[in-house]
Structure formats: structure tokens, C-alpha cells
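Examining the three-dimensional arrangement
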Amino acid sequence: MALPACAQTPLKAIVTAENAEGRFNGIVVASVEGQPTEAIPAGRLSKTRKAATLDTPWRLASISKQITAVLVMMSVERKEVSLDTPLKAVLPEFADLQSGNVTVKALLRHQSGLPDPSETLTNADGVAQFYTHDKADHGFCRGPLRADPEAFHYNNCDYYLLSDVLEKVTGRPFAQLLEERISGPLGLKTLRLYQPGDREPFTAVDSDGAPEPALSLSVYEAAAGIKGSARDLMRFDTALMSGRLLSHDSLKALWEGEPSLGYVALGAWAYTVKPTGCAQAMTVVERRGAVGNVQTLNLIWPERQGVIIAFSRTAATDWGQLWQDKGFMRDLVVAAWCR
């Protein structure tokens, strides 16, 4: 996959316009039928650094949950665990807790009711104190349930505990599991967990252009602490759609959006839309994320082997909502997949 020539295209025009308005600074990559169509860098990574490339590593933020969900389904296929396995069946510390009845599937779909790390007190920089350490306190996630276990409540504890489950049933640390089952077999050099002290090749900024405070990215772990380049994420998406990582039945389970919960699937959202400007309806798997001021987006169109990946280093980026048929994400879809 090489960067395209500088010819103006509908997709490039949209990305360039967002950058000119200060609402996007990063890179957009698109493919259809499994073949890359465009890779569009926009803006510099900092005042002194050049534009992003396909191999620039980014914090994937909550796209990490999408990858963790795939690892869970791989363990399900190996019969190491099932979607109906309760926490107390794997983790002894949950044996006498109400939350011990929470299942793997409930964790994947954020129906656990577990404590929410983002609701801990914030420091002077506005960062929740839970995230000010190099490693997450998984014991926090064993606290009393704070929501109805049947309801949808988004929080990172669900995926911290999924990593604990994976480590218990496989006998491998999460970082090793990621390497052995995804990064290594697919040759993904940049897809790794953040480690304490890791430096990034860009400066993330707020909506006014001010640099964000220092963050401990390693604390996000399996929930939002995986990093990777656009090239490697594209390879992951393509391998997933092609059946290299999971069977057809596992993909169906992974991408079954639940209407009563806003079409949340396992580690992502999946829904059918027909944006204005597109000749056909499409079932899209959407995963977006944000850690600090970095905004990330990963869209998959399984039927046409389509992918749109976008990384931005500014909090000013607003993807909008594809199902509302408006916004930046909708414009990306129409330009990349429908023209």
C-alpha cells in the first residue's frame, strides 16, 4: 500500500477541507473490495514534524476493544471460554460478588453494570485519577455494581476484566496473546500494547491548539491501550473480513448489532444505513475512540470488503453520526465507497 498521487479526489477534497477548518489533523485511509484506494495525510504531526504516513503509530484508543473482542472470540472458538461463561467461573475473586454472575458476552456489550473508572475524581488537568498511573487497578472493577446489569453502560472495566479472563484461560499475558494470535501471524509490526514511558511521534492538541497534558497510555491496556499504524489496522480489518482470524459463524456473532441497545455488537457497533449519494444500503461495523485529544475511527463494510480508517491528533475532530446521514463520517463513506 503506497500513498497516492496528489490528484484531487472527492475523498481528498473532504479531508483537506476539514483540515483547513482546523477540524482534522492526521490521516485517512480507505479501501474497497480488499484493495487500498486512497491514503490521505492532512496537516503535520506537530509544528516541527512532517505529515503522518501509513506507518505512523497512533493510539488506537477504543478500537483496542474491537481487537480485544476478536481475541475473546478466538478463545471461544478454541473452547477456552464461552460467551455465557460468568466471571466467577474463571476469576476466583468474583466467587462471592454479585458481579460474579456477569458473563463474557455482557462484558463485550457493556451490560455488566460494573464501576466506571471515568467517574473517579479528576486531577488538576481534568484526567480521572484512575488513569494517572502506569497500570490499571483491576481491583477497582470488583467494586459494587453501579448500574443495572441488563442495561447498556459503557465503561473500560468491562475490557480490563476481559483481559483478565483471557489471561486466565490461556495462561498468557494479554500482550503476549496479542502478539501470538494477531500481530505475529499477520506481520503487524506496530500493533502492540503501550508500555510505560512510550513516546509518540505526534503532538495531540485540544480544540484551541494547546498541547494536551502528559498521559499514561499504558494504563488503558486492553480497553484503549493498543497502538498501531493505519497500514497495520487495515491489514487487521482485511484479515478479519476474509476469515483469516475468525470463522463465518464467529464473525456473525461478533457483528450482530442489538437494536434494543443502540445496535451495539461485541466490541463495536453494527447497523444498516443507506446514506444519501449511495446506490445501496450497507451494513457497517463502526468502532470509534478517543484517548486524550486523539480521535480514531475504524469503519468496516464486510459485504464489499471495504475499510475506512481515520486518525486525528486534535480534539476538534467530530465524526458525526452515519445513521443521521450527515457529518464528517458520512461524507467519508459516500466519497470512499459510493462514488
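Above this text is the structure in question.
Attention in this report is confined to the structure presented alongside it. (Residues numbered from 1 in each chain as written. Predicted model: local features only at pLDDT ≥ 70, side-chain atom pairs only at ≥ 80, totals over all residues. Heavy atoms only, no water.)

**Quick look at the sheet that holds strand β4 (residues 192-193)**
The pairing of strands in a sheet happens through backbone hydrogen bonds and is either parallel or antiparallel. The strand order β3-β5-β4 describes an open sheet built from three strands, whose pairing is antiparallel. Every interior strand has two partners, whereas the edge strands, β3 (58-59) and β4, have only one. Direction of pairing for β3 relative to strand β5 (residues 226-228): antiparallel, over a ladder of two bridges. Residue pairing in the sheet places Arg-59 in a bridge with Lys-227 of β5. (Pairing = 2+ DSSP bridges. Helix = DSSP H or I, 4+ residues; strand = E, 2+ residues; numbered from the N terminus.)

**A closer look at helix α4 (residues 157-170)**
Between its terminal C-alpha atoms α4 stretches 20 Å, which fits the 20 Å expected from 14 residues at 1.5 Å a residue. Summarising burial for α4: eleven of the 14 residues are buried, a large majority. Where α4 is concerned, the buried positions are Cys-157, Asp-158, Tyr-159, Tyr-160, Leu-161, Leu-162, Ser-163, Asp-164, Val-165, Leu-166 and Thr-170. Those residues of α4 hidden inside the fold are in contact with α2 (63-77), α3 (104-108), α5 (174-186) and α6 (221-224). (Expected span 1.5 Å × (residues − 1). Buried < 20%, exposed > 50% of the residue type's maximum accessible area, 1.4 Å probe, protein only. Contact = heavy atoms within 4.5 Å.)

**Here's the deal with the nonpolar core**
Ile-182 and Leu-254 are the most contacted members of the largest nonpolar core, which has 83 residues in total. When residues in this core are grouped by element, the largest group, eight residues, is from α2. Setting aside anything within four residues of it in sequence, one finds Ile-182 in contact with Ile-67, Val-70, Leu-71, Met-74, Leu-177, Leu-188, Leu-191 and Phe-236. With 29 residues, the next largest nonpolar core counts Ala-30, Ala-42, Leu-297 and Met-329 among its residues. (Core = buried A, V, L, I, M, F, W, Y, C linked by side-chain atoms within 4.5 Å.)

**Let's talk about α2**
Taking 1.5 Å as the rise per residue, α2 with 15 residues should run 21 Å; its terminal C-alpha atoms sit 22 Å apart, in good agreement. One or two positions beyond α2, positive phi appears at Lys-79, with a value near 60 degrees.

**A short note on unusual backbone geometry**
Although it is not a glycine, Ala-61 adopts a positive phi angle of roughly 55 degrees. Of note, the phi angle at Lys-79 is positive, near 60 degrees, even though the residue is not glycine. Summarising the element assignment, Lys-79 is placed in the loop between α2 and α3.

**Overview of the pairing of strand β7 (residues 282-291)**
Among the ten residues that make up β7, seven are buried, leaving the element largely enclosed by the rest of the structure. Where strand β6 (residues 269-273) meets β7, five bridges bridge the pair, whose relative direction is antiparallel. What sits directly across from Ala-270, in β7, is Val-285. With seven bridges connecting them, β7 and strand β8 (residues 294-301) associate as antiparallel partners. Among the inter-strand pairings, Gly-289 is bridged to a residue of β8, identified as Thr-296. In this structure, the hairpin formed by β7 and β8 is closed by a connection of two residues, where Gly-292 is found at a positive phi of approximately 60 degrees.

**What about the packing of aromatic side chains?**
Here the structure, examined in full by the defined rule, presents twelve aromatic pairs. Plain terms: the ring middles of Trp-319 and Phe-328 are 5.6 Å apart, the flat faces sit at 15 degrees to each other, and that makes the pair stacked. With respect to class, Trp-319 is no different from Phe-328; both count as buried. An aromatic cluster is built from Phe-130, Tyr-131, Phe-140, Tyr-160 and Tyr-220, whose rings are joined through pairwise contacts. Positioned above the aromatic ring of Tyr-159, the side-chain terminus of Lys-65 is 5.9 Å from the ring centre. (Phe/Tyr/Trp six-rings, centres within 6.5 Å; stacked < 30°, edge-to-face > 60°. Lys NZ or Arg CZ within 6 Å of the ring centre and 35° of its normal.)

**A few points about the sheet that holds β7**
Here we have six strands laid out as an open sheet, ordered β2-β1-β9-β8-β7-β6, and antiparallel in their pairing. Of all strands in the sheet, those bounded by a partner on one side alone are β2 (35-42) and β6. Sheet twist, expressed as the mean angle between neighbouring strand axes with direction ignored, is 15 degrees. Inspection of the sheet shows strand β1 (residues 26-32) paired to strand β9 (residues 306-312) by six bridges, in the antiparallel sense. By the bridge assignment for β9, Ile-27 is matched with Phe-311. Those strands touched by helix α1 (residues 10-20) are β1 and β2, and its axis lies near 20 degrees from that of β2. The sheet strands contacting helix α9 (residues 328-337) are β1, β7, β8 and β9, and the helix crosses β8 at an angle near 45 degrees. (Axes fitted to C-alpha atoms, helices over the stretch in contact; angles between N-to-C directions.)

**Brief notes about the pattern of salt bridges**
Opposite charge on two side chains makes pairing possible when the charged atoms of those side chains draw close. The tally for this structure, following the rule as stated, stands at 15 salt bridges. For Glu-221, the salt bridge identified is with Lys-135, shortest N-O distance 3.9 Å. Of this pair, Glu-221 sits in helix α6 while Lys-135 sits in the loop between α3 and α4; the two residues are 86 residues apart in sequence, bridging distant segments of the chain. On the basis of relative accessibility, which here comes to 12%, the residue Glu-221 falls in the buried class. The salt bridge involving Arg-192 is made with Glu-179; its shortest N-O contact spans 3.2 Å. (Salt bridge = Lys/Arg side-chain N within 4 Å of Asp/Glu carboxyl O.)

**Concerning the side chain of Lys-65**
Position of Lys-65 relative to the elements: it lies in helix α2. It is Asp-158 that comes nearest to the buried, bridge-free Lys-65 among opposite-charge side chains, at 8.3 Å. Separated by 2.9 Å, the side chains of Lys-65 and Ser-62 make a polar contact. Polar side-chain contacts of Lys-65 include one of 2.6 Å to the side chain of Asn-156. (Lys, Arg positive; Asp, Glu negative; His and termini not counted. Polar contact = N/O pair within 3.5 Å; in protein donor to acceptor, adjacent residues only side chain to side chain.)

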